[in-house]
Amino acid sequence: MPELVGFVVLVMVGVDEAGLWAGELESVLARVAGRFSRVDLRWRMRDYVRGLLAPVERKNGWQLAEYAGHRGPAGFQHLLNGAAWDVDAVRDDVQNYVAEGLGTPDGVLIVDDTGFLKKGTTSAGVQRQYSGTAGRTENCRIGVFAAYASAKGRALVDRELYLPQSWTSDADRCRAAKVPDSRVFATKGELARAMTLRAPASPLPIAWVTGDCAYGQEWRMRRTLEEAGVGYVLAVPKSQRLHAPFGRTTRPSPMPPARHGKTTPAATVPKARASTIGPPHACRRSASSTATGPPTSGGYRAAAAWPARTRLPTLAYAPNGTSVADLVRIAGSRWAIEEAFQTAKNECGPDQYEVRRYPGWYRHITLAMLAHVFLSVVAAQATERGAAETTPPAPSASRWQRRNLRSGAWGSLVIQSNWRGRPAWPIT
C-alpha cells in the first residue's frame with residue numbers, strides 16, 4: 001500500500017505542475033500575440049511555438065505542421081517568410097519576459113556565436129567557414145547571440161546573422177535572399193557591439209558583459225560599455241597590448257610555467273592572477289586603437305586576470321574594490337551561453353529550420369528563443385517553489401519512495417526530465 005500511495009502523490013503533483021506550465025505558456029503566447037495583426041497569424045505562431053516545445057523528431061515545416069494538424073507546411077512557411085509582423089518587437093518581448101522571470105541586479109550578458117550547418121549556396125549568409133559547433137570548416141551559417149545569465153537561470157535574448165563579405169559584396173545574391181539594402185558587412189565583433197548597444201536600453205538588469213577573445217579584442221565594444229557604465233570581463237588574445245600611464249606599454253605577467261613539460265597540478269595553480277594597471281584612460285584601448293577623449297568613469301579601474309579554466313588573458317572593467325574572485329566568477333559565467341546553445345538546440349530546434357531567406361532566419365530563431373526562454377523561466381519557477389517548501393517530507397517505510405525522495409523534490413524531477421529529454425507533459 002505505501003508504494004501505491006507514493007505513486008498517486010507523484011501523479012497528482014505532476015498533473016499540477018503540468019497545469020502551471022500550460023498556463024504559463026498561454027501567458028507567454030498572449031504576451032507576443034499583439035505583434036501579429038491578424039488572428040490567423042496569431043494561431044499559426046501559437047501552433048509553431050507549441051510544436052517547437054513538443055516531442056517532434058525534427059522540427060522542420062512538415063513535421064511541425066503534422067503535429068499541429070495542418071494539411072501542409074504552407075501556413076508555417078508563410079509565417080516565416082511572407083507574413084507581416086515585427087520580429088524585433090517579439091525579441092523585445094522576449095527580453096521583457098527574461099527580465100521578469102530571470103532578472104537579478106548582478107545579471108551577466110554573454111556574447112558568442114554558433115554555427116548552423118546548411119547545404120547549398122542560396123541560404124542567406126551561408127558559405128564554407130569555420131564553425132565552432134562542428135570544430136572545423138563547413139558549409140554553414142553563423143549566428144552571433146547574446147545570452148542573459150543570473151542565479152535564476154540563463155536564456156538567449158538577442159541574435160544577429162553574420163553575412164560574410166562574399167554576400168554583402170554581391171547585390172544580386174542579397175536581393176534574392178531578401179537581405180535588406182541597408183545591411184552592410186559587419187564583423188562578428190561589430191554585431192556583438194550592436195547587441196551591447198541595445199542591451200542597456202532593454203529592461204534586462206545587466207551589471208556585467210563577458211565573452212571570449214573574439215569579442216574582447218573589439219575595442220569599440222569595450223568603449224561602448226565603459227561609456228554606458230557597464231562592467232565587463234572579456235578575454236583578449238595573448239598578443240593584446242595595453243597603454244599604461246606615461247606612455248609605457250604594459251603586458252600582464254604570464255601564468256606560472258609548466259614543470260618538466262607537465263601542466264602544474266590544478267590544486268597548486270591559483271585560480272586567477274590580477275594586477276591593477278591604472279585609471280580607465282590609461283588602459284581602455286589596445287595598441288591599435290585610435291580612440292581619444294576623457295576618462296569615462298573615474299570610479300573604475302581595469303585589471304588583467306587569468307581564469308584557470310581558459311588560461312587566456314582577460315581584460316576587466318570594474319568598480320574599485322572588485323575582488324579577483326568576482327572577476328573570475330564573471331569570466332566563468334561565459335560558459336552559460338554554451339549550455340544555452342545546447343539546451344535550445346536539443347529542445348527547441350533553432351538549428352532545424354528550413355528557411356533560406358534572411359527574414360525567415362530571424363523569425364524562426366526568435367520564436368525558438370521564445371520557446372527556450374519559456375523553458376528557462378518555468379524551470380526557475382519550479383526551483384523557487386521547491387525552495388519554498390521548508391518542511392521535509394515524513395519518512396516512509398517504502399524503499400521505492402525513500403529512494404525517489406532522496407533524489408530531490410518531485411517538481412525538480414519532472415523539470416530535469418523535461419530538460420534532458422523529451423517534454424514529460426503533453427502540449428494540447
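All of these numbers come straight from a predicted model, not from anything done at the bench. (Residues numbered from 1 in each chain as written. Predicted model: local features only at pLDDT ≥ 70, side-chain atom pairs only at ≥ 80, totals over all residues. Heavy atoms only, no water.)

Peer 1: I would appreciate a short explanation of the overall build of the protein in the present structure.
Peer 2: Check the secondary structure of the protein and you find 16 helices and eleven strands. Within the structure as shown, the protein displays about 20,700 Å² of accessible surface, and the carbon and sulfur contribution to it stands at 53%. (Helix = DSSP H or I, 4+ residues; strand = E, 2+ residues; numbered from the N terminus. Areas by Shrake-Rupley, 256 points an atom, 1.4 Å probe, with all protein chains shown as cover.)

Peer 1: Got a minute to help me understand the packing of aromatic side chains in this structure?
Peer 2: Remark: the centre distance and the inter-plane angle together describe each pair of aromatic rings, the angle taken between the planes. Enumeration over the complete set of coordinates arrives at eleven aromatic pairs. Note on Phe 145 and Trp 361: the rings are 6.3 Å apart at their centroids and 55° apart in plane angle, and the pair reads as tilted. With Phe 145 in strand β3 (residues 136-150) and Trp 361 in helix α14 (residues 358-388), this pair connects stretches of sequence that are 216 residues apart. Comparing Phe 145 with Trp 361 shows no difference in burial state: the two are buried. The interplanar angle of 80° and the centroid separation of 5.1 Å between the aromatic rings of Trp 361 and Tyr 362 together place this pair among those described as edge-to-face. Assigned by exposure class, Trp 361 and Tyr 362 land together as buried. Chaining the aromatic ring pairs together yields one cluster made of Phe 116, Phe 145, Phe 341, Tyr 353, Tyr 358, Trp 361 and Tyr 362. We note Lys 188 situated over the ring of Tyr 162; from NZ or CZ to the ring centre the distance is 5.3 Å. (Phe/Tyr/Trp six-rings, centres within 6.5 Å; stacked < 30°, edge-to-face > 60°. Buried < 20%, exposed > 50% of the residue type's maximum accessible area, 1.4 Å probe, protein only. Lys NZ or Arg CZ within 6 Å of the ring centre and 35° of its normal.)

Peer 1: I keep staring at helix α10 (residues 219-228) and nothing clicks. Help me out?
Peer 2: Residue pairs three or four apart in sequence face the same way in an α-helix, which turns once every 3.6 residues. Within α10, seven of the ten residues are buried, which leaves the element mostly enclosed by the surrounding structure. Taken as a whole, α10 has its buried residues at Trp 219, Met 221, Arg 222, Arg 223, Thr 224, Leu 225 and Glu 226. Considering only its buried residues, α10 is in contact with β1 (107-117), α8 (188-198), β5 (206-211), α9 (213-216), β6 (231-235) and β11 (314-319). Directly after α10, the chain includes Gly 229, whose backbone phi takes a positive value near 70°. (Contact = heavy atoms within 4.5 Å.)

Peer 1: What is the right way to look at the pattern of salt bridges in this model?
Peer 2: Between side chains of opposite charge, a pair can form as their charged atoms come close. Evaluation of the coordinates by the stated rule reveals 19 salt bridges. The closest approach of N and O atoms between Asp 326 and Arg 329, which form a salt bridge, is 4.0 Å. A residue pair is termed a helical-turn pair when its members lie 3 or 4 positions apart in one helix, as Asp 326 and Arg 329 do in helix α12 (residues 324-332) at three residues. According to the relative accessible area criterion, Asp 326 is partly exposed, its value standing at 31%. (Salt bridge = Lys/Arg side-chain N within 4 Å of Asp/Glu carboxyl O.)

Peer 1: Looking at this structure, how should I read the environment of Ala 379?
Peer 2: Turning to its location among the elements, Ala 379 is positioned in helix α14. For Ala 379, a relative accessible area of 11% translates into the label buried. Separated by 226 residues in the primary sequence, Ala 379 and Gly 153 place their C-alpha atoms 8.1 Å from one another.

Peer 1: In this structure, what is going on with the packing of helix α2 (residues 39-53) against helix α3 (residues 61-68)? I would like to understand it.
Peer 2: When two helices pack together, their arrangement is given by the angle between the helix axes and the distance between those axes. At a minimum axis distance of 9 Å, the contact between α2 and α3 shows a crossing angle of 105°. Looking at the two axes, α2 sits roughly perpendicular to α3. On α3, the residues touching Asp 47, Tyr 48, Arg 50, Gly 51 and Leu 52 of α2 are Leu 64, Tyr 67 and Ala 68. Classifying every residue of the contact of α2 with α3 by side-chain character gives five nonpolar, one polar and two charged. (Axes fitted to C-alpha atoms, helices over the stretch in contact; angles between N-to-C directions. Parallel < 35°, antiparallel > 145°, perpendicular 65-115°, else oblique. Nonpolar A, V, L, I, M, F, W, Y, C, P; charged D, E, K, R; others polar.)

Peer 1: Explain unusual backbone geometry to me, please; I cannot follow it from the model alone.
Peer 2: A negative phi holds for most residues other than glycine; trans holds for most peptide bonds. One non-glycine residue with positive phi stands out, namely Lys 178, at about 65°. By secondary structure assignment, the location of Lys 178 is in the loop between α7 (171-176) and α8. The exposure class assigned to Lys 178 is partly exposed, which follows from its relative accessible area of 45%.

Peer 1: Can you walk me through the pairing of β6 in this structure?
Peer 2: As a general feature of sheets, a regular strand has side chains that alternate between the two faces. Here β6 lies mainly inside the structure; five of its five residues are buried. Because side chains alternate across β6, one face comprises the buried residues Gly 231, Val 233 and Ala 235, and the other comprises Tyr 232 and Leu 234, equally buried. Across four bridges, the pairing between β5 and β6 is parallel. Bridge pairing in β6 places Thr 210 opposite Val 233. Judged from the four bridges that link them, β6 and β11 form a sheet pairing that is antiparallel. The residue bridging Val 233 from the neighbouring strand is Ala 316, located in β11. (Pairing = 2+ DSSP bridges.)

Peer 1: It is not clear to me how the packing of α2 against helix α4 (residues 74-81) should be interpreted in this structure. Could you clarify?
Peer 2: Two elements in contact, α2 and α4, have axes separated by 10 Å at closest approach and are oriented at 105°. Taken together, α2 and α4 sit at an angle that is classed as roughly perpendicular. Of the residues in α4, those touching α2 at Leu 41, Arg 44, Met 45, Asp 47 and Tyr 48 are Gly 75, Phe 76, His 78, Leu 79 and Leu 80. Looking at side-chain class alone, the contact of α2 with α4 contains six nonpolar, two polar and two charged residues.

Peer 1: What is the right way to read the confidence of the model for the protein from this model?
Peer 2: Close inspection of predicted coordinates is inappropriate for parts of the model with low pLDDT. Scored by pLDDT, the protein comes out at a mean of 76, with 70% of its residues at no less than 70. Note that residues 245-299 has pLDDT below 50 and, in this model, 101 contacts with residues that lie over four places away or in other chains. (pLDDT = per-residue confidence, 0-100.)

Peer 1: Sorry, what's going on with α2 here?
Peer 2: The first and last C-alpha atoms of α2 sit 22 Å apart over 15 residues, in line with the 21 Å expected at 1.5 Å per residue. Burial in α2 covers these residues: Leu 41, Met 45, Asp 47, Tyr 48, Val 49, Arg 50, Gly 51, Leu 52 and Leu 53. (Expected span 1.5 Å × (residues − 1).)

Peer 1: How should the pairing of strand β4 (residues 153-162) be read in this particular structure?
Peer 2: Among the ten residues of β4, nine are classified as buried, and the element is accordingly described as predominantly covered. Note: β3 against β4, nine bridges, orientation antiparallel. When the sheet's bridge partners are listed, Val 144 is paired in β4 with Glu 160.

Peer 1: Sorry, what's going on with the environment of Leu 370 here?
Peer 2: In this fold, Leu 370 is placed in helix α14. Considered as a pair, Leu 370 and Val 90 are 280 residues apart in the sequence and their alpha carbons are 8.5 Å apart. Excluding its chain neighbours within four sequence positions, the residues that come into contact with Leu 370 are Val 28, Val 32, Val 49 and Val 94.

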